[in-house]
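Residue-level listing of the chains:
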Amino acid sequence: MYPRKFDYVAPSSLDEAFEALGDDSKVMAGGMSLIPLMKLRLFSPALVVDIARIPGLDTLDDKGDHITIGALVRHAETAASDLIRSNAAALSTAAALTGDVQVRNRGTTCGTMAHADAVADQPAGALACGAVMIAQSASGTREIPASEFFVDSLTSALNPDEILTSIRIPKSGDGEGSAYDKLGRRGGRSDYAVAGAAAWVKRSNGSITEARVAVTGIGTKPTLAEGVAEALIGTDGSASAVEAAAERALEGVTVLEDLYGSEEYKSHLAKVYAKRAINQALASI
Amino acid sequence: MATTSVMGGSVRRREDPALIQGMGTYVDDLQPTGVLQVAFMRSPVARAKITSLDTSKAKEMPGVAAIYTHEDVAHLGPLLAQVQIGKLRPLLADGEVNHMGEAIAMVVAENRYQAQDAAEAIDVEFDVVKPIIDLKEAASDAAKVHDELDSNILHTWTYHGYWDALGLEDQTPQVDAAMERDDAVVVSLEMKNQRLIPVAIEPRSVMAEYNPGYGRFTVHSSTQVPHALGGAISKTFGMIASDVRVIAPEVGGGFGSKLNVYNDEILAAFAAKDLGRPVKWTETRREAASSTIHGRGWVGTATIVGTKDGEFLGYKLHALADMGAYSQNFTVAIPLLGLWIASGQYKMPVSWTVDCVVTNTMTTDAYRGAGRPEAIYYLERIIDAYAREIGMDPFEVRKKNFWQPDEFPALMGCGFALDSGDYASNVDKLMEKADYAGLLRMRDQARDEGRLVGVGVGSYVEVCGFGPAVLAEIGFSWSEYGLPASFNGSGLVRVNPDATVTVVIGTGPSGQGHETTWAQIVGDGLGIPVDKVRVLHGDTREHPMGIGTFGSRSVAVDGAATYEATLKVREKAAKIAAHLLEASATDIVFENGGAHVAGSPAPRVEWEAIAKAAYQAHTSPEDVESGLEAHTSFSPGNATWPFGSHIALVEVDPDTGNVELLRYVGVDDCGNEINPMIVNGQIHGGIAQGVGQAMFEDAVYDSDGNLLTGSLLDYPLPTAADLPSFELDRTVTPTDVNPMGVKGVGEAGTIGTAHTIVNAVVDALEPLGVKHVDMPLRPKRVWQAIQEARG
Ligand SMILES: Cc1cc2nc3c(=O)[nH]c(=O)nc-3n(C[C@H](O)[C@H](O)[C@H](O)COP(=O)(O)OP(=O)(O)OC[C@H]3O[C@@H](n4cnc5c(N)ncnc54)[C@H](O)[C@@H]3O)c2cc1C
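**So, the layout of surface pockets**
Residues and elements named next belong to chain B. Within this model, the second largest pocket holds a volume of roughly 750 Å³. Along the wall of the second largest pocket there are 26 residues; nearest its centre are Lys192, Asp698, Ala699, Val700 and Tyr701. Elements represented by at least two residues in the lining of the second largest pocket include exactly helix H5 (135-139), strand S8 (185-196), strand S13 (295-306) and helix H20 (779-790). Here the lining of the second largest pocket is composed, by residue class, of 11 nonpolar, three polar and 12 charged.

Spelled out as structure tokens, the structure:
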């Protein structure tokens, strides 16, 4: 577990960071995933650009109709924020269920998005809550909807020269609620997701008018289960309606077997957790 | 004669301030001037011929001091092992590799990064051969792992035939006859006791230095057995034993994984001598997973036969035990430890056969419990299945078949006698503590609501405190490493001239708290406060003879020796005190740091005066030699046999198969306790590791021999957050095997736990008709069992 040789810079501004970034570089935020991969020599960037000393990236801000989570906001801060809990409970819970105390105190919410691990928790929350990723580089700023951000296992829509400077989450309005639930690798909710789901729902006059449900842990990337949302909209959110909608959790997902579950089991879990997340989201309204 | 003011007290651990604050010294902390670092180039494949191995390019890499391959070290022979059945490990791969992670080349460089870079630059070509991984396939001998061996089955242990000299009766006919009885209930299950990776918090680490002027080695190693390592090095290099000094500084956990002499330790010594510089290697977590010994790895069928009303008539086990590719220290002997407790706490005939099978995987050897958790698992699982079959309470069934208190020492069919026990009282205490009846009511109520709640019970007896000298007759010894043939314990107690006490022991801690426990034994025996006692360990120069810490033996054997040495010192001190007080030695009592005549607290002499007098000939009695120390060796006549019973309460989520461990209650019996807090700590850790096996851990090789669980990312361990608060209590049944009446507690928790948890989950799934689920009880497996039961 000794990395190959690499150079390291810790720029003090975004501009300096953009200048340093190139094809063979990696941004480092909390280092919780980057460092282990480098130690295993699975990632061997020539240059590590540590963004920890760039001012202004460590805040979680109320911007009126939305919230921004800066690139240096740790999982623990996302989990502890009342602002996130009341507006994006799915993301809040996902952050609280990420790793252990040490990981939550170092790892960043933006970092787990950029890392795009297929078994990560918070990406599902971001998908369900309709987050928008703000990617900046020397050539400007791109706003990438979460639904287009997760491309493949460990691959996001970011270019090598871009930094995910913040995430934008819409504030929730009347009749809206969200939730995240998972089965962890060590059983219960502990450790990476064997399967997990986040749901965001809007209900008015007794029926569901909008919904987003995302599943994680089961395939190559955290994915929006559009079929579930489609099936849910227009229903009254009754137990049977939710159950029926959750049946569509696998549409558009390639389920992969791993040490923690067969294809059959993971397929089953995706439905169970889609159902649980929707029910919890509905109950929270 | 001993006072009990300190013995039995939860004295806080004197080692903790350093360990908890990160101030302990471990091998990897040592940075002597000029130290070189090692990286191994290891096999990425399970089985292959090495068709070419070219280190020339790597040797040119920056910082590289040397790269060694088999030819360089062939003259040293293979790695020494105590039990030499099977193929011994070559120090570096000899033209072929036989498991993933086998060391092929050793790179020594100025720093670890350069060493790793150079290891990566070594050119090697393999002619890959299909490995033999599956135990049953290996046991069939359809293809052989090592051409030079007659069979993949290295050895077969049988209950009556493991030691010819004992002339034991083969009880198989009795068991078979019982099965033919009209009233016989026969229950049989094939079960796996999966392979585990011992994960010590401190990875193994070794640093060797050689001084050509003195012709001496000094080797620091994170080992449970410094004396064995010293013996192995002196033997390998043809040296006088005293010219090799091995030091085990702090050892951060071992669980048996450091109860081995490893090739890397010998190779570090070799390189240090060859290069004339200190050489250090610390394993990475990946290497710890692939190249430090594994444990368990059994598959077997257990069968019990009994009457309809719960009387056991016989027990049978046939299992295959995975030895891995090469035999190291005790590899093939590990199942033998299970054999001795094959019948558990029960009176019944036993037919027990374990085949030791070689495969293309990492070597297995002792891992916390070593053979005993496996043996007890099969027995206690099948008893549980039998109790279900006849519809009797599982504790009732056990109690009906326990050895009774008046039957001890209880001679078992394996030739050993259980020393002491009161098994039924132990169970009664547990049932009361856990409110067993209440738990069952709660379970039944939950069942009525359609919830899957289970109450699991389990008992165990273990064999520890190794050991009786006769074991040497069957190779259970350390003689191959130049140590005494029997497992003697030893202890040296010295009251210094300033009345402080130095204790030197031949066994050292890897977390167990020896420095505190031994201070209690000696301080209590002498009437000197424990904080004036210092315990030295882990340096072969300080203490020439010591076997090490393993098999829950330290207190019962080396502790007993230290206790006897304490009594000798005390006897001598009494003579001196009597001389100073002008009284008779037999009337002297020690109390509060001094001595006086029994019944009259004044006049008294303080230990300071006694110690001073002891070291100046003119003030000590004429017939007493100057000085105040004693060294004692202790050889127990029997092993010790701790026991206990546990209860687990679980709930299974029928939709996901997730198992939630709600309560865990245990009543253990390790005889007399010296420090109940330390005993608790040992049981806590043991239970956690038992839960680890039952629910989380699984070392998995795929059919190509790739270790799929080579990092902690894929080898989940239980953390405090995953466990309930354990509810513990004890019964106390002292042993007469040693003078302190102590039995040993290092492995008890692990031996008592795995089956208790599985029994609980099977109980939860009983309404569905599930009879067994193999460990680890990951949600996927439990869900699968539920699916299959529902059809
Ligand atoms: C012991 C352990 C347990 C864990 N358990 C869980 C778990 O249960 N659930 C879970 O979801 N995750 C878990 N993780 C993973 C962890 O939560 C995240 O992957 C990690 O925190 C990512 O954030 P980071 O800030 O540490 O990113 P880093 O490790 O610094 O970076 C990760 C990747 O993202 C890129 N990156 C990071 N920030 C940015 C940015 N702002 N812009 C562009 N690229 C960026 C890096 O270049 C790198 O490729 C665990 C990790 C560990 C070590």
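**Observations concerning the site of the ligand**
All names here are of chain A. If you check the shell around the ligand, you find 32 residues, and the closest are Val27, Gly30, Gly31, Ser33 and Thr108. In this structure, an oxygen atom belonging to the ligand sits 2.9 Å away from a main-chain N or O atom of Met32. A distance of 2.8 Å separates a nitrogen atom of the ligand from a polar backbone atom of Leu164. Contact with the protein chains covers 90% of the free accessible surface of the ligand, which is 970 Å². Looking at the shell around the ligand, the elements that each hand over two or more residues are strand S2 (25-28), helix H7 (109-115) and strand S10 (163-170).

**Focus: the side chain of A:Thr68**
Residue and element names in this part refer to chain A. Looking at the element boundaries, Thr68 is found in strand S5 (residues 66-70). Thr68 sits in the buried class, given a relative accessible area of 11%. Non-local contacts of Thr68, meaning those with residues more than four positions away in its chain, are made with Thr59, Leu60, Asp61, Lys63, Ile167 and Arg168.

**Quick notes on the packing of helix H12 (residues 263-284) of chain A against H20(B)**
In the contact formed by H12(A) and H20(B), the axes pass within 11 Å of each other and the chain directions differ by 90 degrees. Taken together, H12(A) and H20(B) sit at an angle that is classed as roughly perpendicular. Across from A:Glu264, A:Tyr265 and A:His268 in H12(A), the residues of H20(B) making contact are B:Pro779, B:Lys780, B:Trp783 and B:Gln784. The residue inventory of the contact of H12(A) with H20(B), partitioned by class, reads three nonpolar, two polar and two charged.

**Some points on the sheet that holds strand S25 (residues 629-634) of chain B**
All names here are of chain B. Taken together, four strands build an open sheet; the order of strands is S21-S20-S19-S25 and the sheet is mixed. Pairing within the sheet leaves two strands with one partner each, and these edge strands are strand S21 (533-536) and S25. Put simply, the sheet's adjacent strands are angled 15 degrees from each other on average, direction ignored. Across the sheet, helix H15 (residues 514-526) touches strand S19 (489-495), strand S20 (501-505) and S21, and the angle it forms with S21 is around 135 degrees.

**Observations concerning the sheet that holds S13(B)**
All names here are of chain B. Strand order in the open sheet formed by five strands is S7-S15-S14-S13-S8, and the pairing between neighbours is mixed. Two strands lie at the open edges of the sheet, namely strand S7 (153-158) and S8, each paired on one side alone. Taken pair by pair, the neighbouring strands of this sheet meet at an average axis angle of 10 degrees, ignoring direction. As defined by bridge partners, S7 adjoins strand S15 (residues 350-358) across five bridges and the pair is classed as antiparallel. Each bridged residue has a counterpart across the sheet, and for Thr158 the counterpart in S15 is Thr353. In the packing of helix H6 (residues 172-180) onto the sheet, the strands contacted are S8, S13, strand S14 (312-324) and S15, and the crossing angle to S14 comes to about 125 degrees.

**Some words on the state of the cysteines**
All names here are of chain B. Enumeration over the complete set of coordinates arrives at zero disulfides over all chains. Distance from the sulfur of Cys414, which forms no disulfide, to the nearest cysteine sulfur (Cys464) is 15 Å. The thiol of Cys464 is unpaired, and the distance to the nearest cysteine sulfur, on Cys670, comes to 9.0 Å. You can call Cys464 buried: its relative accessible area is 0%.

**A word on the packing of aromatic side chains**
All names here are of chain B. Under the definition given, this model contains 33 aromatic pairs over all chains. A ring pair is formed by Phe402 and Tyr423, whose centres lie 5.5 Å apart and whose planes are at 65 degrees; its orientation type is edge-to-face. Of this pair, Phe402 sits in the loop between helix H12 (394-401) and strand S16 (410-411) while Tyr423 is found in helix H13 (residues 423-434), placing the two residues 21 residues apart along the sequence. The exposure class assigned to Phe402 is buried, which follows from its relative accessible area of 2%. Here Tyr423 falls in the buried class, since its relative accessible area comes to 1%.

**Examining the domain arrangement of chain A**
Residues and elements named next belong to chain A. Per the domain assignment, the segments of chain A are domain 1 (7-47), domain 2 (60-170) and domain 3 (176-283). Placing the centre of domain 2 and that of domain 3 at their C-alpha centroids yields a distance of 19 Å. Each side of the interface is counted separately: domain 2 has 23 residues, and domain 3 has 21 residues. Carbon and sulfur atoms supply 61% of the area buried between domain 2 and domain 3, which totals about 1800 Å² over both sides. Together, Leu97, Val119 and Ala128 form the three largest contributors to the area buried by domain 2 at its contact with domain 3, with a combined 29%. Across the domain 2-domain 3 interface, the total number found is one salt bridge. Its salt-bridge partner being Lys182, residue Asp121 comes within 3.0 Å of it at the nearest N-O pair. If you look at where domain 2 meets domain 3, you find 11 residue pairs in polar contact (both at pLDDT 80 or more).

**Notes on the pairing of strand S9 (residues 205-211) of chain B**
Residue and element names in this part refer to chain B. S9 sits mainly inside the fold: five of its seven residues count as buried. Pairing between S9 and strand S10 (residues 216-221): six bridges, direction antiparallel. Within S10, the position partnered with Val206 by the bridge is Ser221. If you look at the hairpin formed by S9 and S10, you'll find four residues sitting between the two strands, and Gly215 has a positive phi there, around 65 degrees.

**Overview of the packing of helix H11 (residues 239-246) of chain A against H12(A)**
All names here are of chain A. Two elements in contact, H11 and H12, have axes whose closest approach is 8 Å; the angle formed by their N-to-C orientations is 140 degrees. One way to sum up the angle between H11 and H12 is to call them oblique. For the pair H11 and H12, the sense of crossing is right-handed. Contacts from Val242, Glu243 and Ala246 in H11 reach Lys271, Ala274, Lys275, Ile278, Asn279 and Leu282 in H12. Taken together, the residues of the contact of H11 with H12 break down into five nonpolar, one polar and three charged.

**Here we look at the confidence of the model for chain B**
Looking at chain B, pLDDT values average 96 and 99% of them are 70 or higher. Considering only residues more than four positions removed or in separate chains, one finds that residues 1-5 of chain B, a stretch of pLDDT under 50, has seven contacts.

**So, the interface of chain B and chain A**
The interface is formed by 28 residues belonging to chain B together with 23 residues belonging to chain A. Note on chain B versus chain A: buried area summed over both sides is about 2300 Å², and carbon and sulfur give 57% of it. Residue B:Asp655 is joined to A:Arg276 by a salt bridge in which the shortest nitrogen-to-oxygen separation is 3.7 Å. Linking chain B with chain A are 13 residue pairs in polar contact (both at pLDDT 80 or more), by the criterion used here. Elements supplying a minimum of two residues to the side of chain B that touches chain A: helix H4 (112-121), helix H9 (285-291) and H20 of chain B. At five residues, H4(B) tops the list of elements feeding residues into the side of chain B that touches chain A. The residue inventory of the side of chain B that touches chain A, partitioned by class, reads 10 nonpolar, seven polar and 11 charged.

The rules behind the values
- Residues numbered from 1 in each chain as written.
- Chains lettered and ligands numbered in written order.
- Predicted model: local features only at pLDDT ≥ 70, side-chain atom pairs only at ≥ 80, totals over all residues.
- Heavy atoms only, no water.
- 1 Å grid on protein atoms, 1.4 Å probe; cavity = no way out; pocket = protein on both sides within 12 Å on 5 of 7 lines; lining within 4 Å.
- Points joined across faces, edges and corners; volume = space filled by probe spheres on them.
- Helix = DSSP H or I, 4+ residues; strand = E, 2+ residues; numbered from the N terminus.
- Nonpolar A, V, L, I, M, F, W, Y, C, P; charged D, E, K, R; others polar.
- Near = heavy atom within 4 Å.
- Polar contact = N/O pair within 3.5 Å; in protein donor to acceptor, adjacent residues only side chain to side chain.
- Areas by Shrake-Rupley, 256 points an atom, 1.4 Å probe, with all protein chains shown as cover.
- Buried < 20%, exposed > 50% of the residue type's maximum accessible area, 1.4 Å probe, protein only.
- Contact = heavy atoms within 4.5 Å.
- Axes fitted to C-alpha atoms, helices over the stretch in contact; angles between N-to-C directions.
- Parallel < 35°, antiparallel > 145°, perpendicular 65-115°, else oblique.
- Pairing = 2+ DSSP bridges.
- Disulfide = S-S within 2.5 Å.
- Phe/Tyr/Trp six-rings, centres within 6.5 Å; stacked < 30°, edge-to-face > 60°.
- Domains from an automatic or database assignment.
- Buried area = accessible area lost by both parts, 1.4 Å probe.
- Salt bridge = Lys/Arg side-chain N within 4 Å of Asp/Glu carboxyl O.
- Left-handed = near helix turned anticlockwise from the far one by under 90°.
- pLDDT = per-residue confidence, 0-100.

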